[in-house]
Amino acid sequence: MASWHDGLAAPPRVLISPRPSDASARGNVLSLRHPRSGDETGYLFIDGQLQEINWFKERYGSWFLGDYVCEDGGLYYCTPVDPIFIFLPTFEAARMSNGKDPGKFRQLDEILYVEGYPGYQQLMDVAEHHMELVCEVKEVANMKFFRLDDSKVLSWLCCKVHNLKEVFPKLGKNYAAQLEKDQLKEAVQMIREYLKDEPWLALLCKKLQLDTNEIINDATTKTNEASFCADSSLAPAPPSESKATNGSAKPSKGRPAKKPKVEVGSKNIKDMFRRVTRSGSGS
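First, a word on scope: everything that follows refers to the structure included in this document. Just so we're clear, the structure is a prediction, and the values are computed from it rather than from any experiment. (Residues numbered from 1 in each chain as written. Predicted model: local features only at pLDDT ≥ 70, side-chain atom pairs only at ≥ 80, totals over all residues. Heavy atoms only, no water.)

1. Some remarks on the pattern of salt bridges
Heads up, the rule is: Take a side-chain nitrogen of Lys or Arg and a carboxyl oxygen of Asp or Glu: if they are within 4 Å of each other, that pair is a salt bridge. Under the DSSP-based scheme used, a helix requires at least four consecutive residues in state H or I and a strand at least two consecutive residues in state E, with every element numbered from the N terminus. Three labels apply to residues, based on accessible area from a 1.4 Å probe with only protein chains included: buried if under 20% of the type maximum, exposed if over 50%, partly exposed otherwise in between.
Taken as a whole and assessed by the stated rule, the structure comprises eleven salt bridges. Here Arg36 and Asp197 are joined by a salt bridge, their closest N and O atoms 2.9 Å apart. Taken together, the residues span a long stretch of sequence, with Arg36 in the loop between β2 (28-33) and β3 (40-46) and Asp197 in helix α7 (residues 197-208) at a distance of 161 residues. As a salt-bridge pair, Asp197 and Arg192 come within 3.0 Å of each other at their nearest N and O atoms. Accessibility expressed as a relative area gives 22% for Asp197, which makes it partly exposed. Through salt bridges with shared partners, a single ionic network connects Arg36, Arg192 and Asp197.

This is the structure:
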C-alpha cells in the first residue's frame with residue numbers, strides 16, 4: 001500500500017504501484033489530460049516510467065489498514081502506459097496545422113506548457129526521448145524543435161496494432177480461433193481507448209483497410225454488454241492478503257456482491273489525488 005497519504009486529512013486509499021528502484025526515491029502523482037476524452041486523469045510517474053492509475057470497486061467491501069477501517073473498498077492500481085499516447089493530443093495541437101499545411105516546429109517547453117496542467121513540464125525528458133519516434137526533429141544552435149508527423153504516427157500505430165494482434169493467440173483458445181481480420185479489429189478497438197476518432201482512428205482504419213464506423217459500433221456494443229454483465233453477475237473472490245503490499249491491507253469478508261464496472265479515469269481519482277498533486281508527494 002502506498003504511504004503518500006501520511007499527514008493528509010483525506011482518508012487513506014489502497015494503491016498498488018511499483019516500488020522505486022531507489023528506496024529513498026518517491027514517485028509523483030501527476031494530473032494530465034486523458035488522450036481520448038481530454039478529462040483530467042491521474043498518472044503516477046516513477047523511475048522514469050509513466051503509469052496510469054485505474055480504479056476498481058466492488059459493490060460491497062472495505063479494507064483493514066492496520067487499526068484503521070477504510071469504508072471505501074475501492075482498489076487503485078497502476079499499469080504502464082506508452083507516453084506517446086499521452087503526448088499525442090498536445091503535440092497535435094502545438095503544431096497548429098491547417099489543411100495541407102504541416103504546421104510549425106516548436107520547442108518542447110512550448111509544446112508541454114498546458115495551462116492548468118503543470119505535470120507535463122515534469123515529463124520533458126520522457127517526451128524528448130519518445131516523441132522523436134513520431135515527430136520531425138530539427139536542431140538549430142543546440143536547440144531541438146519538434147513537429148508531429150502524420151506518417152510517423154501512423155507507422156507507430158500500425159506497429160502497436162500488429163504487436164497486440166501477435167499476443168492474442170497466447171491469451172486462450174477463443175482468441176486463437178479468431179480470424180485474422182477479427183484480431184486486427186480487436187486490437188484497433190483496444191488502442192482506440194487512447195485515441196481520438198478524428199483524425200487518428202479514421203486514418204488508422206484507412207491504413208489498415210477497416211471500416212471506422214464498424215469499429216466504433218462494435219466498441220459501443222461491447223461496452224453495453226459489459227455494463228449488463230456488471231449489473232447481473234456475482235462478484236469474484238476478493239483479492240487475497242498476499243497480493244496486498246507488505247500484507248498491510250486485508251479485504252474484509254462480506255456477503256456475495258454483484259460485480260461492478262471497472263472504472264478507468266474515474267472522477268474519484270481527481271478528488272483522491274488533488275492534495276497530493278499540489279504537494280508533489282508520491283507513492
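2. Re the nonpolar core
Filter applied, for reference: In this description, a nonpolar core means a group of buried Ala, Val, Leu, Ile, Met, Phe, Trp, Tyr and Cys residues linked to one another through side-chain atoms lying within 4.5 Å. Contacts are assigned to residue pairs that have any heavy atoms within 4.5 Å of one another.
Phe87, Phe91, Met131, Leu148, Leu157, Val188 and Leu204 are the most contacted members of the largest nonpolar core, which totals 47 residues. Excluding residues that lie within four positions of it along the chain, Met131 makes contacts with Ile84, Phe87, Phe91 and Leu148. One finds Leu15, Leu44, Ile53 and Trp55 within the second-largest nonpolar core, a separate group that totals eight residues.

3. A few points about the packing of helix α4 (residues 150-167) against helix α6 (residues 180-192)
Inclusion rule: Note on method: axes are straight lines fitted to C-alpha atoms, helices fitted across the in-contact stretch only, with angles between N-to-C directions ranging 0 to 180 degrees. In these notes the angle categories are as follows: under 35 degrees is roughly parallel, over 145 is roughly antiparallel, 65 to 115 is roughly perpendicular, and the rest is oblique. Each crossing gets its handedness from the near helix: less than a right angle anticlockwise from the far helix is left-handed, clockwise is right-handed. Each residue gets one of three labels, nonpolar for Ala, Val, Leu, Ile, Met, Phe, Trp, Tyr, Cys and Pro, charged for Asp, Glu, Lys and Arg, and polar for the others, Gly among them.
One way to put it is that α4 packs onto α6 with a least axis distance of 9 Å and a crossing angle of 120°. Between α4 and α6, the crossing angle belongs to the class labelled oblique. Handedness of the crossing formed by α4 with α6: right-handed. Side by side, α4 and α6 meet where Leu157, Lys160, Val161, His162, Leu164 and Lys165 of the first sit next to Glu180, Gln183, Leu184, Ala187, Val188, Met190 and Ile191 of the second. Of the residues assigned to the contact of α4 with α6, the class counts are eight nonpolar, two polar and three charged.

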